[in-house]
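# Residue-level structure breakdown
Each chain, written out:
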Amino acid sequence: MNQSDGDDLDALVVELNAGVGRAPAPDRETARLYAWLEVVVERSASDLLLVAGAPPALRIAGAITPLLEAPLGSEEIADAIVPALPPHARKAYREIGIADASFRARDLGRFRINLHHERGRAAAAIRRLPPLVPRLSSLGLPPGIEALTRLSRGLVLVGGPTGSGKTTTLAALVNEINHRDAKHIVTIEDPIEYEHQHRRSVVEQIEIGVDAPDFPTALRAALRQAPDVIVVGEMRDPETMQIAVAAGETGHLVFSSLHTTDVATTVARIADSFPLERQNTIRQEVAMALAAVLTQTLMPKTGGGLTPATELLMIGYGARQHVRKNALQHLHQEITITRKQGSFTLEESLTELVKQGLVDRKDALTRAMHPEELERLLG
């Protein structure tokens, strides 16, 4: 089966399953939410933002565009969103004031809802979720990133700021394995954003709050299910981090993401999450488990839209020694040393984007971690 055949089958499966597990047609409680979501789809927006004191706003190609509506009140937002939440998310919102959930809107697709408070008032960020899992080749990522799917074991970290496409990259990596290899893949997510179909692999998707109470519980259970590949949507707490690191060290291929900006801070985030007296031990474990660190950020394209700029460190002996010694400032140099193994710097990625005419030179220089290196590469 070639890639286009697989993509066509994906579309067919989505169409055939369109009514399975789908939310009913909107009632009076959810009618306003549906009206907003219809506008999201019609205008090809990625996000809907609802904040008290401001009109609803869409994110279109990275820019925020307010709708021609009156400013919203806090109760209006809560009344529009709470009825669409599943029971566990409603409970979370009542108890802690924050809820994350996925929502399937009839004929409109799936959305991720984050309902929270700001300045004591209700607010919501709603993201449109694509109906199909993207192929890795469609994301504009350097081709060398495909090598991450061929690792047999270890911990692979994907870092980047919020909204940089980390979840999409993780889904595409899983999709690549799913199409190519006969593996058992377990993903743990909060909530599930991309729904995988079983291809050559069997893919189990665990949703926090629906299938398991929290990440540590779900991850421990996953290790008893004989998985080849584990995806931890996000490592938010030390307990999850420690289990994921141990799993990567003991023979599993583990993918996870962190809200960080570069390779060094991505590695540092794990040890820094633990009490001081435990950090040295954790560094030794991370040094043994780590297989690769990928970081990414989205850049404005010259013709409109966004494209990823990335940095990849394939972990070798030198990098492990730097992690053990907490000499993370030397990891940038390790990227250059391990270029033959597939590593590349953010500046090299930005250089390619500028030379291809996809990104403006000035924008690239503002985003580079080492502008002088980028200047030299651009000539």
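Whatever comes next refers back to the structure up there.
In short, a report on the structure. (Residues numbered from 1 in each chain as written. Predicted model: local features only at pLDDT ≥ 70, side-chain atom pairs only at ≥ 80, totals over all residues. Heavy atoms only, no water.)

This part takes up the overall build of the protein. A count of helices and strands for the protein gives 14 helices and 13 strands. For 379 residues, the compact-globule estimate of 2.2 N^0.38 gives 21 Å, and the C-alpha radius of gyration of the protein, at 21 Å, lies within 12% of that figure. By its C-alpha atoms, the protein is 60 × 50 × 50 Å across when sized along the principal axes. Sorting the 379 residues of the protein into buried and exposed places 48% on the buried side. Within the protein, counting contacts between residues at least 6 apart in sequence, those at least 24 apart form 57% of the total. For the protein, the exposed area adds up to about 17,500 Å²; of that, 53% sits on carbon and sulfur atoms. The protein carries 41 positive and 48 negative side-chain charges, and their two centres are separated by 2 Å. (Helix = DSSP H or I, 4+ residues; strand = E, 2+ residues; numbered from the N terminus. Rg over C-alpha atoms; globule rule 2.2 N^0.38 Å. Buried < 20%, exposed > 50% of the residue type's maximum accessible area, 1.4 Å probe, protein only. Contact = heavy atoms within 4.5 Å. Areas by Shrake-Rupley, 256 points an atom, 1.4 Å probe, with all protein chains shown as cover. Lys, Arg positive; Asp, Glu negative; His and termini not counted. Charge placed at Lys NZ, Arg CZ, Asp CG, Glu CD.)

With that out of the way, let us pick up the packing of aromatic side chains. Summed over the entire model, instances satisfying the criterion amount to 1 aromatic pair. Seen from their ring centres, Tyr34 and Phe103 are 6.0 Å apart, and the 80° between their planes marks the pair as edge-to-face. Of this pair, Tyr34 sits in helix H2 (residues 31–42) while Phe103 sits in strand E4 (residues 99–105); the two residues are 69 residues apart in sequence, bridging distant segments of the chain. Side by side, Tyr34 and Phe103 carry an identical accessibility label, which is buried. (Phe/Tyr/Trp six-rings, centres within 6.5 Å; stacked < 30°, edge-to-face > 60°.)

With respect to the secondary-structure elements, Glu285 resides in helix H9 (residues 276–289). Sequence separation of Glu285 and Asp272 is 13 residues, and the distance between their C-alpha atoms is 14 Å.

Further remarks concern the pattern of salt bridges. Counted under the stated rule, the structure contains 20 salt bridges. For Asp181, the salt bridge identified is with Arg180, shortest N-O distance 2.9 Å. The partner of Arg361 in a salt bridge is Glu375, and the shortest N-O contact between them spans 3.0 Å. Here Arg361 is found in helix H13 (residues 361–367), whereas its partner Glu375 is found in helix H14 (residues 371–378), with 14 residues between them in sequence. In this structure Arg361 comes out as partly exposed when scored by relative accessible area, which is 33%. By relative accessible area, Glu375 is classed as partly exposed at 37%. Put simply, Glu146, Arg150, Arg180 and Asp181 are held in one network by salt bridges that share partners. (Salt bridge = Lys/Arg side-chain N within 4 Å of Asp/Glu carboxyl O.)

A few words now on H9. In an α-helix, one turn spans 3.6 residues, which is why side chains three or four residues apart end up on the same side. Under the 1.5 Å per step criterion, the end-to-end length of H9 is 20 Å for 14 residues, consistent within 8% with the ideal 20 Å. Of all the residues in H9, the buried ones are Gln279, Ile282, Arg283, Val286, Ala287 and Ala289. Those residues of H9 that are buried lie in contact with strand E7 (154–159), helix H7 (238–249), helix H8 (263–272), strand E12 (290–300) and helix H10 (317–324). (Expected span 1.5 Å × (residues − 1).)

Turning to the nonpolar core, a few remarks are in order. Ranked by internal contacts, the top residues of the largest apolar core, which has 39 residues, are Ile188 and Ile270. When near neighbours in sequence (up to four residues on either side) are disregarded, Ile270 contacts Leu155, Leu157, Met235, Met241, Leu258, Ile282 and Val286. Within the second largest apolar cluster, 31 residues are counted, among which are Leu37, Leu72, Ala84 and Ile113. (Core = buried A, V, L, I, M, F, W, Y, C linked by side-chain atoms within 4.5 Å.)

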